[in-house]
Amino acid sequence: MNTLFDKSYYAAGVTNIASFAKRTVRWGAISLVIGALCGFAGAAFDRSVSACDKILAAHPVLIWFLPAAGLLIVFLYKRLKVAGLTTDTVILAAQRGGKIKPLLLPAIFLGTAITHLFGGSAGREGAAFQIGGVIGNWTSRFLKMNEKEIRFMTMSGMAALFAAIFGIPVTATIFVTLVINVGTFWPGAIFPSLVASLTAFGISSRFGVEATHYEVNMPDPSVLMYLRIIVLAILAAFVSTLFCEVLHLTGRALKSVMRNAYLRIGVTGLAIAVIMNLLGTTAYSGSGTNLIAAATSGEAQSPAVFLLKMILTALTLGAGFKGGEVFPSFAIGAAFGAFMGPILGIPADFAASVCLVTVFGGCSNSLLAPLLLSVELFGGQRLGLYALACVIAYIFSGYSGFYYNQKILFSKSRPERIDINTNETYHDA
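Residues numbered from 1 in each chain as written. Predicted model: local features only at pLDDT ≥ 70, side-chain atom pairs only at ≥ 80, totals over all residues. Heavy atoms only, no water.

## Let's talk about the overall build of the chain
As a reminder of what qualifies: Think of it this way: any DSSP run of H or I at least four residues long counts as a helix, any run of E at least two long counts as a strand, and we number them from the N terminus. Atoms counted for the radius of gyration: C-alpha only. Globule rule: 2.2 Å times residue count to the power 0.38. Any two residues whose heavy atoms approach within 4.5 Å at even a single point are treated as in contact. Surface accessibility follows the Shrake-Rupley procedure with a 1.4 Å probe radius. Residue values consider only the protein chains on display as shielding. Within this scheme the basic residues Lys and Arg register as positive and the acidic residues Asp and Glu register as negative, but His and the chain ends are omitted. Every charge is mapped to an atom, namely NZ of Lys, CZ of Arg, CG of Asp or CD of Glu.
For the chain, the count of helices and strands is 16 helices and 3 strands. Taken over C-alpha atoms, the radius of gyration comes to 22 Å for the chain, in line with the 22 Å a tight globule of 429 residues would show. If you line up the chain on its principal axes, its C-alpha atoms span 80 × 60 × 45 Å. Counted over contacts in the chain with a minimum sequence separation of 6, partners at least 24 positions apart contribute 76%. If you sum the accessible surface of the chain, you get close to 17,600 Å²; carbon and sulfur atoms cover 67% of it. When the 30 positive and 19 negative side-chain charges of the chain are each reduced to one mean point, those points stand 12 Å apart.

Written as structure tokens, this is what we have:
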């Protein structure tokens, strides 16, 4: 029978629409709850870490207490029985729908605050993913959602906390939903993640968390400028790969040389304190927002800036201090761009903005997220230049990445499936 006159066809359509509507309303309501919880948690976390950064800036002598702070962090993690749990743990839960230990939330909150207070060179988004992941995971479990839905809500919590502390809800949504499995994603995760992210930032902004934004001079697009951007993006891709390799190699080397967690974090903390004091500045402590501000204002940079930030972040996180890699990647990229841009004939501040998003994209194996980040951070002008840079950096950055449990499902340069975890050996001919 022609489906045009088949009543069962329309009945099935109405049933599907009703089912979709019911699920959308249900997921939307739960996402609002997760977003609200993440908004309050994100505001508290952001205010706490910002206060720690200010105290350190006023009293740089606190850096000498970094080794003792590290011992406290190790003790805290062992006491709460969450030692060894990281952002990779949360990514695995988002992939498979597993449980995340709830005590990871206070552990990473306090651990990151302590790291910032005493001068560790780390960001805060790793903590954001873990705090948000715990909130999303356990809220959905409390509401009796099934394992597949729990995956979505875990991602929603990760995106919401990220949005709450950085004020970039669209980038947070796309980044989290695409970073879990590179090359594919669950379209159904977009809606709850976006609702949670917008809700979380709406709440955190009421408590003084401001959207991150930088003003840079935009050059006129030309054939020569596009060629220069291609070269800059290739170099930024190499910087992103170098950063990931330094991060992982440093962590493995420190664990190999000093198996005892207390010894490892104490000795490395002392080394970081000595280096910081020899440099005579706290500029390399924390996330690196001051380095980004200097680079995007067009201030001249030396190659030592991005290299020192890279090394100190690797030592901090490899030793066992808590925080994140994403915002340091912003700082490393911005400092590198401000240094390399004038050499290539690109304005320093614009080159800093391009390398900020491309180094982040290379380190996270993401393509759309850095492009959206350029819009939310820099206003969306010269989108063609940013897009070209993001694509080039994505291809040339290879298969290294921040997270071991991130899946790369398709080759970046060949029409084939590869299905590997980041940092696995893979030669793409």
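## Digging into the confidence of the model for the chain
We apply this condition: The pLDDT value tells you how sure the predictor is about a given residue, anywhere from 0 up to 100.
In the predicted model, the chain carries a mean pLDDT of 88, and 91% of its residues have values of at least 70. Mean pLDDT values over the elements of the chain span from 68, in strand β1 (residues 181-182), up to 96, in helix α2 (residues 66-79).

## Description of the packing of helix α14 (residues 348-364) against helix α16 (residues 383-396)
Put simply, the rule reads: In this description, a line fitted to the C-alpha atoms serves as the axis of each element, helices being fitted only across the stretch in contact, and the angle between N-to-C directions of two axes falls anywhere from 0 to 180 degrees. In what follows, roughly perpendicular refers to angles from 65 to 115 degrees, roughly parallel to angles under 35, roughly antiparallel to angles over 145, and oblique to any angle outside these ranges. Each crossing gets its hand from how the near helix is turned against the far one by less than a right angle, where anticlockwise is left-handed and clockwise is right-handed. In this classification, Asp, Glu, Lys and Arg are treated as charged, Ala, Val, Leu, Ile, Met, Phe, Trp, Tyr, Cys and Pro as nonpolar, and every other residue, Gly included, as polar.
At a minimum axis separation of 9 Å, α14 and α16 run at an interaxial angle of 45°. Our classification of the angle between α14 and α16 gives oblique. Considering the relative orientation of α14 and α16, their crossing is right-handed. Facing F350, S353, V354, V357 and T358 of α14, the residues of α16 in contact are L385, Y386, A389, C390 and A393. For the contact of α14 with α16, the class distribution of residues is 8 nonpolar, 2 polar and no charged.

## Things to note about the side chain of S156
Quick note on the threshold: The classification of residues rests on relative accessible area computed with a 1.4 Å probe and restricted to protein chains. Under 20% of the type maximum is buried, over 50% is exposed, and intermediate values are partly exposed.
Among the secondary structure elements, S156 is positioned in helix α6 (residues 147-166). Here S156 falls in the buried class, since its relative accessible area comes to 0%. In contact with S156, other than residues within four places in its own chain, are I34, P192, S193 and A196.

## Focus on a nonpolar patch on the surface
The condition that has to hold: Note on patches: the residues involved have over 30% relative accessible area and no salt bridge, like charges join within 9 Å, and the nonpolar side chains Val, Leu, Ile, Met, Phe, Trp and Tyr join within 5 Å. When a carboxyl oxygen of Asp or Glu lies within 4 Å of a side-chain nitrogen of Lys or Arg, that pair is called a salt bridge.
On the surface, a cluster of nonpolar side chains totalling about 610 Å² of accessible area is made up of V61, W64, F65, L270, V274 and L278. With respect to the secondary-structure elements, V61 resides in the loop between α1 (7-58) and α2.

## Focus on the packing of aromatic side chains
So the rule is basically this: When two rings of Phe, Tyr or Trp (its six-membered ring) have centres within 6.5 Å they constitute a pair, described as stacked for plane angles under 30 degrees, edge-to-face for angles over 60, and tilted for the intermediate range. In this analysis the charged atom, NZ for Lys or CZ for Arg, is taken to sit over a ring once it is within 6 Å of the ring centre and within 35 degrees of the ring normal.
Applying the stated criterion across every chain, the model contains 16 aromatic pairs. Every member of this aromatic cluster is reached through a ring pair, and the members are F129, F162, F166, F175, F327, F330 and F360. Here the basic side chain of K322 rests over the ring of Y77, its NZ or CZ set 4.2 Å away from the ring centre.

## Section: the environment of L308
Looking at the secondary structure, you find L308 in helix α12 (residues 303-319). When the C-alpha positions of L308 and W138 are compared, they lie 39 Å apart, and in sequence the two are 170 residues distant. Apart from the residues lying within four places of it in its own chain, the contact partners of L308 are L279 and Y284.

## What to know about the pattern of salt bridges
Scanning the entire structure with this criterion turns up 6 salt bridges. The residue D53 makes a salt bridge to R124 at a minimum N-O spacing of 3.3 Å. Here D53, found in helix α1, pairs with R124, found in the loop between α4 (104-117) and α5 (125-142); they are 71 residues apart in sequence, far enough to count as distant. Of the residues examined, D53 reaches a relative accessible area of 25% and is grouped as partly exposed. By relative accessible area, which is 9% here, R124 ends up buried. Through salt bridges that share partners, D46, R47, D53 and R124 make up one connected network.

## Some remarks on unusual backbone geometry
Of note, K144 is a non-glycine position whose phi angle comes to about 60°, a positive value. Tracing the chain through its elements places K144 in the loop between α5 and α6. Its identity as a non-glycine residue notwithstanding, R382 has a phi of 55°, on the positive side. Within the secondary structure, R382 is located in the loop between α15 (368-378) and α16.

## Some details on the nonpolar core
Burial of nonpolar side chains together is a common tendency in soluble globular proteins. Definition in use: We call a set of buried residues a nonpolar core when its members are Ala, Val, Leu, Ile, Met, Phe, Trp, Tyr or Cys and they connect through side-chain atoms within 4.5 Å of each other.
Ranked by size, the top nonpolar core spans 124 residues in total, and within it L356 and F378 carry the most contacts. Per element, the largest residue contribution to this core is 13 residues, and it comes from α6. Setting aside residues up to four positions removed in sequence, L356 forms contacts with I292, F330, G333, A334, L373, L377 and F378.

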